[in-house]
Amino acid sequence: MPTEILMPALSPTMEEGTLAKWLVKEGDTVASGDLIAEIETDKATMEFEAVDDGRIGKLLVAAGTEGVKVNTPIAILLEDGESEDDINDNASPSKPAPEAAPAADAGGKAAPDGAPAPAAAPPAPGTTDGQRIFASPLARRIAAEKGLDLTAIAGSGPRGRIVKADVEAATAPAAKPATAEAPQTSAPPQAAAAQAAGLSPDAVARMYEGRAYEVVPLDGMRKTIAARLTEAKQTIPHFYLRRDIRLDALLDFRSTLNAQLGPRGVKLSVNDFIIKASALALQQVPRANAVWAGDRILQLKPSDVAVAVAIEGGLFTPVLKDAETKSLSQLSKEMKDLATRARDRKLAPQEYQGGSFAISNLGMFGIDNFDAVINPPHGAILAVGAGVKKPVVNEAGEIEVATVMSVTLSVDHRVIDGALGAELLQAIRDNLENPLAMLA
């Protein structure tokens, strides 16, 4: 029976994507691990690999198609002994594949809803409780040659299907593959946001009838931003802590370091110091290095700091892992690389997921101060404004001019209480006002 290649979930939050480009055509022979397509998620364009050997029998979804739901069949893979005649011509690329082919009952009646019975195929192995084990013909043959029990092999293919790689890697009985669950469905994020405001999308459009406007379709990134930040503001009990930070010592120190690092092609930004100061503060106040996990709090050991990067149509928050262990020049180099690839939408999911703390810096846009929305499951986010020269009172009680930066710490009250948040913000301030100590 031909194998359906399904739209993959390339990130934990992905519900649909765009099939940007096919790297194969009908009739091409592919092996497990070969690249067959490029798929755009809400965050990046990623390459998709074949999970089994065979021949591309039919492409069900055209290149450039948007809004393809996860687990929707996008192509048909033919294996040994199978031909185009085995492909069900009634297959619909817009309809997600069923969880399993419905079987006829004991009286030989057709499956529910008039679904046709599966085409004749080599006998499929079954479990002791009578449930069918889904495995490709090639995987069955290799299992037979190796004397392996398919019921003891976990499948990594679509819907838990056992493929060649699973059988070749099996050397001992493994856990029984779990039954694949149907993908959860939900209302489109833009519709959910409008409904939360008491207005349907159509009602909003009717409000502006007769006015000149242009409809801007939502891409995957904008839909995800709308859904996640609506959820964040509705479900996370935010509170805000504000401090002014003097930057004069940091700016002088930065100038000295950049003069010394210039021959190596390194130029440190103020943001590099903010990342380092925040990472160290999370170590100095470890109870604040935490995330909300629904029914518990996870207190992290490393300082994994996310930094918001603006791109066309949205933003990324790439994560600098183990930031407390890295030098300023390392952080600067890594941040530049992540920002460049973020703007090209070339980040892998593991590069923008995780962390406990985020930084959003709008100072370069002339913003004095603002309140940032927490990106769940983070416990806090630091909103950074511009450094501005202001009159301040020094320790001697005299007025002098200083460069002052306003910051606001948005805190998830479920994770961090007021006093703990104040302690974290004080540690960040101390690190930035005494930058030399960050190198100790």
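Each chain carries its own residue numbering, running from 1 in the direction its sequence is written. Restriction of local features to residues with pLDDT of at least 70 applies here, the model being predicted, together with a cutoff of 80 or more for giving and counting side-chain atom pairs; totals for whole chains, interfaces and linings are based on all residues. Where side-chain values are given, they derive from all heavy atoms of the structure, hydrogens and water being excluded.

An unreviewed UniProt entry lists the protein under the name Acetyltransferase component of pyruvate dehydrogenase complex, with Rhodovulum visakhapatnamense as the source organism. Per its UniProt entry, the protein bears the Function (unreviewed entry) comment "The pyruvate dehydrogenase complex catalyzes the overall conversion of pyruvate to acetyl-CoA and CO(2). It contains multiple copies of three enzymatic components: pyruvate dehydrogenase (E1), dihydrolipoamide acetyltransferase (E2) and lipoamide dehydrogenase (E3)." UniProt positions are given in the numbering used here, feature names are shortened, and annotations may be inferred rather than shown by experiment.

Trainee: Help me understand the sheet that holds strand β7 (residues 65-69), please; the structure alone is not making it clear to me.
Mentor: Backbone-to-backbone hydrogen bonds pair the strands of a sheet. The strands run either parallel or antiparallel. At least two DSSP bridges between two strands are required for those strands to pair. Secondary structure elements are defined from DSSP: runs of H or I of at least 4 residues count as helices, runs of E of at least 2 residues count as strands, and each element is numbered from the N terminus. An order of β5-β4-β2-β7 is seen for the four strands of this open sheet, with the pairing classed as antiparallel. Each edge of the sheet is formed by a strand with only one pairing partner; in this case those strands are β5 (45-49) and β7. Neighbour to neighbour, the strand axes of the sheet diverge by 40° on average, direction disregarded. Across four bridges, the pairing between strand β2 (residues 16-22) and strand β4 (residues 35-40) is antiparallel. Note on β4: the bridge partner recorded for Leu 19 is Ile 39. Axis angles are defined between N-to-C directions and span 0 to 180 degrees, where every axis is a line fitted to C-alpha atoms and, for a helix, only to the segment in contact.

Trainee: Just checking my understanding: could you explain the pairing of β2 for this structure?
Mentor: Looking down a regular strand, the side chains alternate between one sheet face and the other. Alignment of β2 against β7, held across three bridges, turns out to be antiparallel. Residue pairing across strands places Gly 17 opposite Val 68, the latter belonging to β7.

Trainee: In this structure, what is going on with the environment of Gln 353? I would like to understand it.
Mentor: Positionally, Gln 353 belongs in the loop between α9 (349-352) and β16 (357-361). Each C-alpha atom of the pair Gln 353 and Ser 11 lies 9.3 Å from the other, and the pair is 342 residues apart in sequence. Excluding residues within four positions of it along the chain, Gln 353 makes contact with Ser 11, Pro 12, Val 319 and Lys 321. When checking whether two residues touch, look at their non-hydrogen atoms; a contact exists if any pair is within 4.5 Å.

Trainee: Explain the packing of helix α7 (residues 270-284) against helix α8 (residues 328-343) to me, please; I cannot follow it from the model alone.
Mentor: The relative placement of two packed helices comes down to the angle between their axes together with the axis-to-axis distance. Look at α7 against α8: their axes get within 9 Å of each other, and the N-to-C directions meet at 115°. As summarised for this structure, α7 and α8 are arranged roughly perpendicular, according to the angle between their axes. Every pair of crossing elements has a handedness; the one defined by α7 and α8 is right-handed. Note on element contacts: α8 touches α7 through Leu 328, Leu 331, Ser 332, Met 335 and Lys 336, opposite Asp 272, Phe 273, Ile 275 and Lys 276. Within the contact of α7 with α8, the residues separate by chemical class into five nonpolar, one polar and three charged. If an angle is under 35 degrees, it is roughly parallel; if it is over 145, roughly antiparallel; if it lies from 65 to 115, roughly perpendicular; otherwise it is oblique. By convention the crossing between two helices is left-handed if the near helix lies anticlockwise of the far one by an angle smaller than a right angle, and right-handed if it lies clockwise. Charged residues are taken to be Asp, Glu, Lys and Arg, nonpolar residues to be Ala, Val, Leu, Ile, Met, Phe, Trp, Tyr, Cys and Pro, and polar residues to be all remaining types, Gly included.

Trainee: When you look at the nonpolar core in this model, what are you seeing that I'm missing?
Mentor: A general tendency of soluble globular proteins is for nonpolar side chains to be buried together. With 56 residues, the main nonpolar core has Phe 273, Phe 357, Leu 382, Leu 409, Leu 424 and Leu 432 as its most contacted residues. In this structure, Leu 432 is in contact with Ile 245, Leu 250, Phe 273, Ile 274, Ala 277 and Met 405, ignoring residues within four places of it in sequence. We call a set of buried Ala, Val, Leu, Ile, Met, Phe, Trp, Tyr and Cys residues a nonpolar core when their side-chain atoms join them within 4.5 Å. For the exposure calls, accessible area comes from a 1.4 Å probe over protein chains only, and a residue counts as buried if that area is under 20% of its type's maximum, exposed if over 50%, partly exposed in between.

Trainee: Would you take a moment to explain the sheet that holds strand β17 (residues 380-393) for this structure?
Mentor: Overall, mixed pairing links the six strands, which are arranged β9-β18-β17-β16-β12-β15 in an open sheet. Looking at strand neighbours, the two that pair on one side only are β9 (238-246) and β15 (319-320), the edges of this open sheet. Inspection of the sheet shows β16 paired to β17 by five bridges, in the parallel sense. Among the inter-strand pairings, Asn 361 is bridged to a residue of β17, identified as Val 384. Of the strands in this sheet, β12 (305-307), β15, β16, β17 and β18 (399-412) are in contact with α7, which crosses β16 at around 155°.

Trainee: I tried to follow the side chain of Asn 271 on my own but got confused; where do I start?
Mentor: With respect to the helices and strands, the residue Asn 271 is situated in helix α7. Sequence-distant contacts of Asn 271, that is, excluding residues within four places in its chain, are made with Val 307, Ile 359 and Asn 361.

Trainee: Would you mind showing me how to read the pattern of salt bridges here?
Mentor: It is possible for side chains of opposite charge to pair when their charged atoms get near one another. A pair is scored as a salt bridge if a Lys or Arg side-chain nitrogen falls within 4 Å of a carboxyl oxygen belonging to Asp or Glu. This model, assessed by the stated rule, comprises 12 salt bridges. With its nearest N and O atoms 3.0 Å apart, the salt bridge here joins Glu 16 to Lys 69. Here Glu 16 is found in strand β2, whereas its partner Lys 69 is found in strand β7, with 53 residues between them in sequence. With relative accessibility at 24%, the residue Glu 16 sits in the partly exposed group. With a relative accessible area of 43%, Lys 69 lands in the partly exposed category. Between Arg 246 and Glu 400 there is a salt bridge; the shortest N-O distance is 3.0 Å. Highlighted residues: Arg 246 in strand β9 and Glu 400 in strand β18, separated in sequence by 154 residues. Residue Arg 246 is classed as partly exposed on the basis of its relative accessible area, which comes to 29%. The exposure class of Glu 400 is partly exposed, given its relative accessible area of 28%.

Trainee: I would appreciate a short explanation of the pairing of strand β8 (residues 73-78) in the present structure.
Mentor: Burial analysis of β8 places six of its six residues in the buried class, the great majority of the element. The pairing of strand β1 (residues 3-6) with β8 spans four bridges and is classified as antiparallel. Note on β8: the bridge partner recorded for Ile 5 is Ala 75.

Trainee: Would you take a moment to explain the packing of aromatic side chains for this structure?
Mentor: Aromatic ring pairs are reported here in terms of the distance separating the ring centres and the angle at which the planes meet. What counts as a ring pair is set by centres within 6.5 Å for rings of Phe, Tyr and Trp (its six-membered ring), and what kind of pair is set by the plane angle: stacked under 30 degrees, edge-to-face over 60, tilted for all other angles. Counted under the stated rule, the structure contains two aromatic pairs. Each ring, one from Phe 253 and one from Phe 273, has its centre 6.2 Å from the other, and the planes form 70°; the classification is edge-to-face. You can see Phe 253 sitting in helix α6 (residues 248-261) and its partner Phe 273 sitting in helix α7, a full 20 residues away along the chain. Considered together, Phe 253 and Phe 273 belong to a single accessibility category, that of buried residues.

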